[in-house]
Amino acid sequence: MNETRRALLDALADGPIEGPALADRLDVSRAAVWKQVEALREAGFGIESGDDGYRVVEIPEYGAEAIAFGLEAPYRIEYHDQIGSTNDRARELAETGEADLVVVADEQTGSRGRLGREWIGPSGGVWASLLLRPERPPAEIPVYALAAAVAVARAAREAGAEAVIKWPNDVLLAGEEPTQRKLAGILTEMEGEADRVSWLVVGIGVNANVDAGALPDGATSLREATGDVDRRVFLQRLLETFHDLTGGDTDLHAILDEWRALAATLGQRVRVETPGETIVGEAIDVQFPGSLVVRTDDDERVVHTGDCEHLRPV
């Protein structure tokens, strides 16, 4: 989507606006305004022209322009009906210098999860990858995954699903432990040097308007929990929350309190498989930038990465 189209969507989202005012705001001719309005109509927008100017009366269900319309976060949207992996596409765009862009797809055919696990991405889900270039040291980057989990859980709760977070960034449907089922997962990828981040991709997969029967064992969907959701609104809320938590010079440490408030892991007996050992104990806290503190029978351990399993109480 070009910058003029995005500026037009922002202007229309503010309410009725006359053609001359639109032309001045976009710094283009009135003919160019008309051309862009017609393009939006072809994309599925219902746009009326009255005495008070152009007014949006209908918004498409999904797509780049639909997601961008009214989005209160500084991200551009690239949309695909079908793609292998939104993360792979975001990495390609990173190599061309792009930033502050979200790759969105209706369906993914070659997606993957954490630790190389297969991730199914059927039509109807919310599959999105944010491409960022944060001016932060690489050591702080793990907290972005926690912020994404918070953003997903909040959007799910707004849609009526009792979502909680399992360390570090799986979003589950709340229920009796340890049988909580997975609603969403997050996969981050980064390239950089010791003291700087070249780019960061935050991949988010949410089982939204998907039949639970089409998903692997242990997974569920928003359709099963609450019925179908408006994916456009869901993704907008997710992106806005993520930007509020991470944008600009925001204090990233504040993300931990937001994560704790939604965490299902804290207070649970857990087993964490790390690259070198298995740690079993009670999860008691999370430390910046996202390490889990586990109280074992012998001492307290700080786990930086690993696969966490909730255990039944002894």
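Since the model is a prediction, treat every value here as computed from it, not as a measurement.

Enquirer: Pulling in residues and values, what's your account of the side chain of arginine 231?
Expert: On the secondary structure map, arginine 231 appears in helix 8 (residues 231-246). Among the polar contacts listed, one links the side chain of arginine 231 to the backbone oxygen of glycine 125, at a separation of 3.0 Å. Look past the residues within four positions of arginine 231 in its chain and what remains in contact with it is Tyr62, Asp106, Gly124, Gly125, Val126, Ala208 and Asn209.

Enquirer: So, the packing of aromatic side chains: which residues are in play, and what are the values?
Expert: How two aromatic rings sit relative to each other is given by the distance of their centres and the angle of their planes. Scanning the entire structure with this criterion turns up three aromatic pairs. Relative to tyrosine 79, the ring of tyrosine 62 lies with its centre 5.7 Å away and its plane at 85°, an arrangement referred to as edge-to-face. Here tyrosine 62 is found in the loop between strand 2 (53-58) and helix 4 (64-68), whereas its partner tyrosine 79 is found in strand 3 (residues 76-83), with 17 residues between them in sequence. Residue classification places tyrosine 62 among the buried positions, given a relative accessible area of 12%.

Enquirer: Just give me the short version of the sheet that holds strand 8 (residues 181-193), but keep the residues and values in it.
Expert: Read across the sheet, seven strands follow the order 3-4-5-9-8-7-6 without closing on themselves; strand pairing throughout is mixed. Of all the strands in the sheet, the pair left with one neighbour each is strand 3 and strand 6 (163-166). The sheet shows a mean angle of 20° between the axes of neighbouring strands, taken without regard to direction. With 10 bridges connecting them, strand 8 and strand 9 (residues 196-206) associate as antiparallel partners. The partner of isoleucine 186 across the bridge, within strand 9, is isoleucine 204. Against the sheet, helix 6 (residues 142-158) contacts strand 5 (126-132), strand 6, strand 7 (170-173), strand 8 and strand 9, and its axis sits at roughly 160° relative to strand 6.

Enquirer: Explain the environment of glutamine 287 to me, using residue names and the numbers behind them.
Expert: One can find glutamine 287 in strand 11 (residues 278-287). Not counting chain neighbours up to four residues away, the residues in contact with glutamine 287 comprise Leu256, Val293 and Val302.

Enquirer: Can you tell me about the sheet that holds strand 10 (residues 269-273), naming the residues and giving the values?
Expert: Strands sit in the order 13-12-11-10-14 across an open sheet of five strands; the sheet is antiparallel. Of all the strands in the sheet, the pair left with one neighbour each is strand 13 (300-303) and strand 14 (307-311). Direction aside, neighbouring strands of the sheet carry axes that sit 45° apart on average. Pairing of strand 10 with strand 14 involves five bridges; the strand directions are antiparallel. Residue valine 272 lies in a different strand from strand 14, and its bridge partner there is cysteine 308.

Cut-offs applied
- Residues numbered from 1 in each chain as written.
- Predicted model: local features only at pLDDT ≥ 70, side-chain atom pairs only at ≥ 80, totals over all residues.
- Heavy atoms only, no water.
- Helix = DSSP H or I, 4+ residues; strand = E, 2+ residues; numbered from the N terminus.
- Polar contact = N/O pair within 3.5 Å; in protein donor to acceptor, adjacent residues only side chain to side chain.
- Contact = heavy atoms within 4.5 Å.
- Phe/Tyr/Trp six-rings, centres within 6.5 Å; stacked < 30°, edge-to-face > 60°.
- Buried < 20%, exposed > 50% of the residue type's maximum accessible area, 1.4 Å probe, protein only.
- Pairing = 2+ DSSP bridges.
- Axes fitted to C-alpha atoms, helices over the stretch in contact; angles between N-to-C directions.

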